[in-house]
Protein chains: 2
Amino acid sequence: MVIGVLGLGPIGESVCEMLGSKSGIRVKYVCCPERPVRFPATVTRELRDLTEDPEVDTVLELSAEIHPALEQVQQCLLAGKHVVTCNKPLLAFHWNELMALAARQGVCLRYGGAAAGGLAWIPAIERCKRADTIHEISGIMNGTTNYILDAMHLAHASFQTALNRSQDFGYAEIDTASDVDGLDSLHRLILSANTAFDVSIPPEEVLVRGIRCIQRRDVETFLAHGFCCRLIASAEHYAERLAAVVEPTLVELKDHEAAVHSNFNLLTMVSRQAGKQSFFGQGAGRYPTAYNVVQDLLDVAAGRAEPPGPPRIETHVDNRTFVRKYYIRTAVSEPWLWSRTEERWETGVITCRLSAQEVHAWAAEARGRDPELFFAALR
Amino acid sequence: MVIGVLGLGPIGESVCEMLGSKSGIRVKYVCCPERPVRFPATVTRELRDLTEDPEVDTVLELSAEIHPALEQVQQCLLAGKHVVTCNKPLLAFHWNELMALAARQGVCLRYGGAAAGGLAWIPAIERCKRADTIHEISGIMNGTTNYILDAMHLAHASFQTALNRSQDFGYAEIDTASDVDGLDSLHRLILSANTAFDVSIPPEEVLVRGIRCIQRRDVETFLAHGFCCRLIASAEHYAERLAAVVEPTLVELKDHEAAVHSNFNLLTMVSRQAGKQSFFGQGAGRYPTAYNVVQDLLDVAAGRAEPPGPPRIETHVDNRTFVRKYYIRTAVSEPWLWSRTEERWETGVITCRLSAQEVHAWAAEARGRDPELFFAALR
């Protein structure tokens, strides 16, 4: 196998290091002239050098932005190259067109490192589907927000202190919105659910709410009632109905998710025969992600990966029957909330069971009156 | 793929049900004349009917006893048939001879359902090894003992009550010793560690202590100090040194293992690049186990499984450097313990750091003086 690498950041360097000399995989080109390359490869500015070289069979795309990755990946697929990528937004927003192109060209498009850092998650989903039907995908899919929430619960830190500390550790992306507002979780949820359910979820139809407005007093209330807060992404697929939500969620202190500390991830699938299976580990980071990229390359090299199937019909999301109780804290008196309150906690109220659709729609509008409004689902 | 089934219990029936008609896998023989067969297959008493039929390429062996499974599996391998088995003691005690035979014959010998019920554990280990080095395998490997321990912690049940309840639920095997004394965990540890480290562990060299002597008052002490007890099987492989122990272990209440409730399992591997990865789910049960058997069959049918590599050198276990603090409760005054006590808890003492080798050896002898002696490692 001869590969070209687009963008040689820390992950790309780790991949090349792990491939070493004995894997039978040779890096021929690096398309990133800004960075010194410490192994024998042709450094180029021209994508054409890779796509027009018949010796190159696979291209690694390791950036984190949609452009120019989209155009580059399209060119590589059109040139008949397999593509292995870590680019979450690229696949979340252009799933169907890229998968359809790879299918037409009869080449592989792999993304194990994008969806789950170092976890054996995407191959486990694909393997499961051979013999079983997956109905639910959920989990703590973003390490930064989990680090922040865990620090708020265990070290009683404020949101801002915990966020700063996560940036000191290098967990948080430079653009914290991607982590804190739930976008990174959204991308991973879409990659996982598209794989598990054979669907193509339109990202804009998923309800997404992050943890930016959580306060120390919320956390104290949760602990006093035996709960802790995690940012959980969930998708369910039963009888053609597809629900997909990313939102702060209260789990009992004895629950599995409550025992996920620091920047770890916990990814869960529920299938008909095998039941509930969870995968716990590093969902991001240089070496874990490089590890899954190498696994994808080895799969392609060994002929164990296959081109995607025919394109899927875009499946619309319906969160009207995704029903939970909610914790809601707002400083404003909200008539909508009066009739839906079931219990009062120190800092907020617990509602009756409401659909995610209804709560997110109300909150989007109520936030105009109280920008600090915070809510979390109760599981 | 055409298969023969040896022993048609509930798992075998579930496998046949899951294979259905569209998997391309046909069950031609069932070697279990005592049980009615509800699908078109030849029922026979003669193993020869399977081994001598050139159409049969794979045999399912689903019993739980070493004999006559050993002789049957040998005959099948000698006849050039692939074998998929759920038989834990068979593989734990005859690993090298069966793997060597399968290697010589160029056929597959698969055991995904034996090691981990419905969890994607063995394939994840095999996949990990392609790109990484695994150093540690550990976990809660037996659902029955976890059910008992969890009931003692959460419902304050006595050992006997919890054991009886687990039998009512059908979790405990008829022979409770296999679960309660840690033998089932031993078998799974050996299957997992042999796969992960490319070794062949002699079962009799592993230190094994179960949970039979744990009392309600021990559990209350643990909870008061922020711990809970789990039966944990561990193996470590660093620089040719191999440690392997099954013993009650105290984990902090905020730890991942403490959040494993009821009869669930949590299997963990630590590798150099991907770090720590845990797999949580049903480690036993009719449908989860059948699910992994079907996965093994699909791997063999798709040519994705390979015959085992050349036989491994038997690797001796050395637990002298596997060092922990220990909780020890005994009613007898033990001079050995005086000099090693670091702290006193309500019902027992906490020792200084000691090797598993030393503690298990002392306890084996001290149990003559106090049959109710209980100990647990502190992690």
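In this text, all values refer to a predicted model and were calculated from it rather than measured experimentally.

1. Quick look at the domain arrangement of chain A
By the assigned domains, chain A splits into domain 1 (2-116) and domain 2 (323-378). One C-alpha centre belongs to domain 1 of chain A, the other to domain 2 of chain A; they are set 45 Å apart.

2. A few points about the relation of the copies chain A and chain B
Expressed as a screw operation, the relation of chain A to chain B combines 0.0 Å of axial shift with a rotation of 180 degrees, fitting to an RMSD of 0.0 Å. Between the two chains, the operation in question is that of a two-fold axis. Among all residues of chain A, the minimum C-alpha distance to the rotation axis is found for A:Phe279, at 2.5 Å. Counting the interface residues of chain A, we find that 100% of their copies in chain B are interface residues as well, pointing to one common contact surface.

3. Observations concerning the sheet that holds strand 6 (residues 109-110) of chain B
Spatially, six strands are ordered 3-2-1-4-5-6 (chain B) in an open sheet, and the strand pairing comes out parallel. Sheet topology places strand 3 (42-43) and strand 6 of chain B at the edges, where each strand pairs with a single neighbour.

4. Focus: the pairing of strand 5 (residues 82-85) of chain A
Residue and element names in this part refer to chain A. Side chains His82 and Val84 of strand 5 all project onto a buried face; the interleaved residues Val83 and Thr85 project onto the opposite face, where all are buried too. Of the pairings in the sheet, the one linking strand 4 (residues 58-61) to strand 5 comprises four bridges and is parallel in character. Residue pairing for strand 5: Thr58 is matched across the bridge by His82. Crossover strand 4 to strand 5 through helix 3 (residues 69-78) is right-handed. Two elements, strand 5 and strand 6 (residues 109-110), share two bridges in a ladder whose sense is parallel. Bridged to Val83 within strand 6 is Leu109. The β-α-β motif built from strand 5, the intervening helix 4 (residues 88-105) and the parallel element strand 6 has right-handed crossover chirality.

5. Examining the confidence of the model for chain A
Here chain A averages 94 in pLDDT, while 99% of its residues score no lower than 70. Across the predicted assembly, pTM comes out at 0.94 and ipTM at 0.91.

6. A few points about the sheet that holds strand 6 of chain A
One open sheet holds the six strands; their spatial order is 3-2-1-4-5-6 (chain A), and the pairing between them is parallel. Two strands close off the open sheet at either side, each with one partner strand: strand 3 (42-43) and strand 6 of chain A.

7. Section: the interface of chain A and chain B
In this assembly, 33 residues from chain A lie in contact with 33 residues from chain B. Elements represented by at least two residues in the side of chain A that touches chain B include exactly helix 6 (122-131), strand 12 (275-281) and helix 12 (286-301) of chain A. Residue composition of the side of chain A that touches chain B, by class: 17 nonpolar, nine polar and seven charged. The pairing of strand 12 of chain A with strand 12 (residues 275-281) of chain B spans five bridges and is antiparallel. Of the residues in strand 12 of chain B, the one forming a bridge with A:Gln277 is B:Gly281.

Criteria and cut-off values
- Residues numbered from 1 in each chain as written.
- Chains lettered and ligands numbered in written order.
- Predicted model: local features only at pLDDT ≥ 70, side-chain atom pairs only at ≥ 80, totals over all residues.
- Domains from an automatic or database assignment.
- Least-squares fit on C-alpha atoms with pLDDT ≥ 70 in both.
- Contact = placed C-beta atoms within 7 Å.
- Pairing = 2+ DSSP bridges.
- Helix = DSSP H or I, 4+ residues; strand = E, 2+ residues; numbered from the N terminus.
- Buried ≥ 20, exposed ≤ 12 C-beta atoms within 10 Å, placed from the backbone.
- Right-handed = clockwise from strand over helix to strand, strands pointing away.
- pLDDT = per-residue confidence, 0-100.
- Nonpolar A, V, L, I, M, F, W, Y, C, P; charged D, E, K, R; others polar.

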